[in-house]
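So you can see what is in the structure, the chains are spelled out below.
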Amino acid sequence: MLTAKMEKALNDQIRVEAESSQVYLSMASWAEVKGLEGISLFMYKHSDEERMHMLKLIKYVNERGGHAHISDLKEPETDFGSFQEMFKDLYDHEIFVSQSINELVHVSLEEKDYATHNFLQWYVAEQIEEEALARTILDKISLIGNDKGGLYLFDRDVQQITVESAAAGTAE
Ligand code: OFO
């Protein structure tokens, strides 16, 4: 059984993951309209992953005798300026999500809820990978600079930069 404080903290994270999904969906749509097809597909995929993170939390809360709340969400930005700025936003967003997960882990220890602490380790590992992925992409972007050919190749190849390859340090 979850304590009220733990349940509330998990519900807050459900909202964070849902809002992340919306943020990446908005980025996907922006990139699609700009003709950045590869970046757009990458963002659509990332949006789906965030939805999966949300669903995993919903199932967990309900399985533990709590009630996962589906709430309204903050409207994401719709204009990202440039694809470089958009990926910087993505990186900043993942840092924010990592902090949010850390807070959640902290609550689980305060509440002596070791089952939830154990469950949350998946999210801790996931955030390490997501931050690594975002950093890999930012490094590539800074190499490209304003080179149009570089952007063309980046847009073509970005889908291959997966969370796994970035974490393993094998992303090209
Ligand atoms: Fe849910 O990991 Fe990104 O935000």
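Located above this text is the structure these notes cover.
Each residue is numbered by its place in its chain's sequence as written, counting from 1. Reporting in this predicted model follows two pLDDT cut-offs: at least 70 for local features of residues, and 80 or more for side-chain atom pairs to be given and counted; totals over whole chains, interfaces and linings ignore these cut-offs and use all residues. In computing side-chain values, all of the structure's heavy atoms are included and hydrogens and water are not.

**With respect to helix H1 (residues 4-33)**
- Between its terminal C-alpha atoms H1 stretches 44 Å, which fits the 44 Å expected from 30 residues at 1.5 Å a residue.
- Each helix is a run of DSSP H or I of at least 4 residues and each strand a run of E of at least 2, with the numbering of both proceeding from the N terminus. Note on H1: the residue one or two positions beyond its end, Gly 35, has a positive phi of about 80°. In this scheme, a helix's expected span is set at 1.5 Å multiplied by one less than its residue total.

**A closer look at the packing of aromatic side chains**
- Here a Phe, Tyr or Trp ring, Trp counted by its six-membered ring, pairs with any other such ring whose centre lies within 6.5 Å, and the pair is stacked when the planes are under 30 degrees apart, edge-to-face when over 60, and tilted otherwise. Under the counting rule described, the total for this entry stands at seven aromatic pairs.
- Relative to Tyr 123, the ring of Trp 122 has its centre 4.9 Å away and its plane inclined at 80°; by these criteria the two rings are edge-to-face.
- When a residue's accessible area, from a 1.4 Å probe over protein chains only, is under 20% of the maximum for its type it is buried; when over 50% it is exposed; and in between it is partly exposed. By relative accessible area, Trp 122 is classed as partly exposed at 31%.
- Taken together through their ring pairs, the aromatic side chains of Phe 42, Phe 83, Phe 87 and Phe 154 make up a single cluster.
- Directly above the ring of Trp 122 sits Lys 56, whose terminal nitrogen or CZ lies 4.5 Å from the centroid. Whether a charge sits over a ring depends on NZ of Lys or CZ of Arg being within 6 Å of the ring centre and within 35 degrees of the ring normal.

**A look at the nonpolar core**
- Here, nonpolar core means buried Ala, Val, Leu, Ile, Met, Phe, Trp, Tyr and Cys residues that are tied together by side-chain atoms lying within 4.5 Å of each other. Grouped together as the largest cluster of nonpolar side chains are 24 residues, with contacts concentrated most on Ile 39, Met 43, Met 86, Phe 87, Ile 137 and Phe 154.
- Going through the elements one at a time, H1, helix H2 (37-63), helix H3 (83-110) and helix H4 (114-144) are the ones with two or more residues in this core.
- It is H1 that contributes the most residues to this core, six residues altogether.
- Once residues within four sequence positions are removed from consideration, Ile 39 is found in contact with Ala 31, Phe 83, Met 86, Phe 87, Phe 154, Asp 155 and Val 158.
- Counting 21 residues, the second-largest nonpolar core is a separate cluster that includes Tyr 60, Val 97, Phe 119 and Leu 120. Residue contacts are defined here by distance: any two heavy atoms, one from each residue, within 4.5 Å place the two residues in contact.

**Here we look at the environment of Asp 147**
- You can see Asp 147 is positioned in the loop between H4 and helix H5 (148-157).
- Owing to a relative accessible area of 45%, Asp 147 belongs among the partly exposed residues under this scheme.

**Quick notes on the packing of H1 against H2**
- Contact geometry of H1 with H2 gives a least axis separation of 8 Å together with a crossing angle of 165°. Here H1 lies roughly antiparallel to H2, going by the angle between them. Pair H1 / H2 crosses with left-handed handedness.
- Residues belonging to the contact of H1 with H2 are distributed by class as follows: 16 nonpolar, eight polar and five charged. Axis definition: a line fitted to C-alpha atoms, limited for helices to the stretch in contact. Angles are taken between N-to-C directions and run from 0 to 180 degrees. Any angle that is under 35 degrees is reported as roughly parallel, and any over 145 degrees as roughly antiparallel; angles of 65 to 115 degrees are reported as roughly perpendicular and all others as oblique. Helix crossings fall into two classes, left-handed where the near helix is turned counterclockwise from the far one by less than a right angle and right-handed where it is turned clockwise. The classification used treats Ala, Val, Leu, Ile, Met, Phe, Trp, Tyr, Cys and Pro as nonpolar, Asp, Glu, Lys and Arg as charged, and all other residues, Gly among them, as polar.

**Let's talk about the side chain of Asp 113**
- For Asp 113, the position within the fold is in the loop between H3 and H4.
- Side-chain polar atoms of Asp 113 contact the side chain of Arg 64, separated by 3.4 Å.
- Apart from the residues within four sequence positions on either side, Asp 113 is in contact with Leu 2, Met 6, Arg 64 and Ser 108. Polar contacts, as used here, are pairs of N or O atoms within 3.5 Å; protein pairs need one atom able to donate a hydrogen and one able to accept it. Residues neighboring in sequence count only if both atoms are side-chain atoms.

**Observations concerning the environment of Lys 140**
- Here Lys 140 shows up in helix H4.
- In this structure the C-alpha to C-alpha distance between Lys 140 and Leu 151, which are eleven residues apart in sequence, comes to 9.9 Å.

**Here we look at a negative patch on the surface**
- A grouping of Glu 75, Glu 77, Asp 79, Glu 85 and Asp 89 is seen on the molecular surface, where their side chains present a negatively charged patch.
- Along the chain, the position of Glu 75 falls in the loop between H2 and H3.
- Residue Glu 75 is classed as exposed on the basis of its relative accessible area, which comes to 68%. Patches in this entry comprise residues that are over 30% relatively accessible and not in a salt bridge; like charges within 9 Å are linked, as are nonpolar side chains (Val, Leu, Ile, Met, Phe, Trp, Tyr) within 5 Å. Only the protein chains shown count as cover for residues, and all accessible areas are computed by the Shrake-Rupley method using a 1.4 Å probe. We count a salt bridge whenever a side-chain nitrogen from Lys or Arg sits within 4 Å of a carboxyl oxygen from Asp or Glu. Under this rule, positive means Lys or Arg and negative means Asp or Glu; His and the chain ends count for nothing. Taken as the charge centre is NZ of Lys, CZ of Arg, CG of Asp or CD of Glu, depending on the residue.

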